[in-house]
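# Reading the structure
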Amino acid sequence: MRILSTLLCLFIWTSIAAQEKSKTSFGSDFAKAWKRHKIYTLRLVEAMPEKSYDYKPEDNARSFKEMAMHLAGANYMFSSIASSQDSPVDRSMFNADGKTKEQIVKMLTESFDYALNAVLNVGEETLNKTSPWGNPIESSTTRSYREIFHVMREHAAHHRGAMTVYLRLNGITPPGFID
């Protein structure tokens, strides 16, 4: 019985220690959705055979691997801005030329993990800061850093949708959506 109690206590302690803590409720909520984004995106990237990584539906489109590397770079960029940190990576490393599927999956995974760590460790004061932000719909506006995290998630979903189409155009049924 004593061994069973010890094992139960060890299990509970390990479970508590393994839970990711966030500085804000926003970070906790965002992290749940971001983890799903990561899993689903990586399942898509894994589903495409490496021989099709250079595929693009038309000449002026990004190839599948360029899109994956663009997404990895954007994850670092958005989360660095939104957490008031300098990006730990050089943008030039996201050039897709010569990269293998294994390297791309690794870099994409690391970018999702970096963004997750950023959102879990950002404080409320930083989330409420604002930054100038422009886009084709709203030419001049500002975004709170909290909103920039949302822009990052929308950006990831946008490119994930395109990657899904690339898979279908290559005769591959995309992995099922997770929610």
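Residues numbered from 1 in each chain as written. Predicted model: local features only at pLDDT ≥ 70, side-chain atom pairs only at ≥ 80, totals over all residues. Heavy atoms only, no water.

### Remarks on the environment of Asp-54
Rules: Under the scheme used here, helices are H or I runs from DSSP no shorter than 4 residues and strands are E runs no shorter than 2 residues, and both carry numbers assigned from the N terminus. Only protein chains enter the accessibility calculation, which uses a 1.4 Å probe. A residue is then buried if its area is under 20% of the maximum for its type, exposed if over 50%, and partly exposed in between. Should any heavy atoms of two residues lie within 4.5 Å, those residues are counted as being in contact. We define a polar contact as two N or O atoms separated by no more than 3.5 Å, with the added condition that, inside protein, one atom must be a possible hydrogen donor and the other a possible acceptor, whereas residues neighbouring each other in sequence contribute only through side-chain atom pairs.
Along the polypeptide, Asp-54 turns up in the loop between helix H2 (25-47) and helix H3 (64-82). Assessed through its relative accessible area of 53%, Asp-54 is described here as exposed. Put simply, Asp-54 and Ala-96 are 42 residues apart on the chain and 9.4 Å apart in space, counted from C-alpha to C-alpha. Leaving out residues up to four positions away in the same chain, Asp-54 has contacts with Ser-63 and Lys-65. Engagement of the side chain of Asp-54 in a polar contact is seen with the side chain of Lys-65, the distance being 3.2 Å.

### A look at the packing of aromatic side chains
We apply this condition: Geometry of aromatic contacts follows a simple scheme: Phe, Tyr and Trp rings, the Trp one being its six-membered ring, pair when their centres are within 6.5 Å, and the pair is stacked under 30 degrees between planes, edge-to-face over 60, tilted otherwise. In this analysis the charged atom, NZ for Lys or CZ for Arg, is taken to sit over a ring once it is within 6 Å of the ring centre and within 35 degrees of the ring normal.
In the structure shown here, the tally under the stated rule is eleven aromatic pairs. Between Tyr-53 and Phe-64 the ring centres are 5.2 Å apart and the planes differ by 65 degrees, which places this aromatic pair in the edge-to-face class. Residue Tyr-53 is located in the loop between H2 and H3, and its partner Phe-64 is located in helix H3; the two are separated by eleven residues in the primary sequence. In this pair, the class of Tyr-53 matches that of Phe-64, namely buried. The lysine or arginine in question, Arg-146, covers the ring of Phe-26, its NZ or CZ lying 5.3 Å from the ring centre.

### A few points about the packing of H3 against helix H4 (residues 101-121)
Cut-off, in case you're wondering: Convention adopted: a line fitted to C-alpha atoms gives each axis, helices being fitted over their contacting stretch, and angles between N-to-C directions are expressed from 0 to 180 degrees. Should an angle fall under 35 degrees it is called roughly parallel, over 145 degrees roughly antiparallel, and 65 to 115 degrees roughly perpendicular, with every other angle called oblique. Each crossing gets its handedness from the near helix: less than a right angle anticlockwise from the far helix is left-handed, clockwise is right-handed.
Close contact between H3 and H4 brings their axes to 9 Å; oriented N to C, the two are set at 20 degrees. One element, H3, and the other, H4, form an angle in the roughly parallel class. Read as a crossing pair, H3 and H4 show a hand that is left-handed. Side by side, H3 and H4 meet where Lys-65, Ala-68, Met-69, Leu-71, Ala-72, Asn-75, Tyr-76, Ser-79 and Ser-80 of the first sit next to Ile-104, Met-107, Leu-108, Glu-110, Ser-111, Phe-112, Tyr-114, Ala-115 and Ala-118 of the second.

### Considering the packing of H3 against helix H6 (residues 145-169)
Rules: Put simply, Ala, Val, Leu, Ile, Met, Phe, Trp, Tyr, Cys and Pro go in the nonpolar bin, Asp, Glu, Lys and Arg in the charged bin, and everything else, Gly too, in the polar bin.
In the contact formed by H3 and H6, the axes pass within 9 Å of each other and the chain directions differ by 175 degrees. With respect to H6, the element H3 is oriented roughly antiparallel. Along its contact with H3, which presents Phe-64, Met-67, Ala-68, His-70, Leu-71, Ala-74, Asn-75, Phe-78, Ser-79, Ile-81 and Ala-82, the element H6 presents Tyr-145, Ile-148, Phe-149, Val-151, Met-152, His-155, Ala-156, His-159, Ala-162, Met-163 and Tyr-166. In the contact of H3 with H6, the residues fall into 17 nonpolar, five polar and no charged.

### Comments concerning the side chain of Thr-164
Inspection of the secondary structure assignment puts Thr-164 in helix H6. On the basis of relative accessibility, which here comes to 17%, the residue Thr-164 falls in the buried class. When sequence neighbours within four positions are dropped, the list of residues in contact with Thr-164 reads Tyr-40, Leu-44 and Pro-174.

### Focus on the pattern of salt bridges
Opposite charge on two side chains makes pairing possible when the charged atoms of those side chains draw close. Worth spelling out the cut-off: For this analysis, a salt bridge means a side-chain nitrogen from Lys or Arg found within 4 Å of a carboxyl oxygen belonging to Asp or Glu.
Inspection of the entire model under this criterion finds four salt bridges. One salt bridge in this structure joins Asp-113 and Lys-38, with 2.5 Å as the shortest N-O distance. Here Asp-113 is found in helix H4, whereas its partner Lys-38 is found in helix H2, with 75 residues between them in sequence. Residue classification places Asp-113 among the partly exposed residues on the basis of a relative accessible area of 35%. When its relative accessible area of 23% is taken as the criterion, Lys-38 is described as partly exposed.

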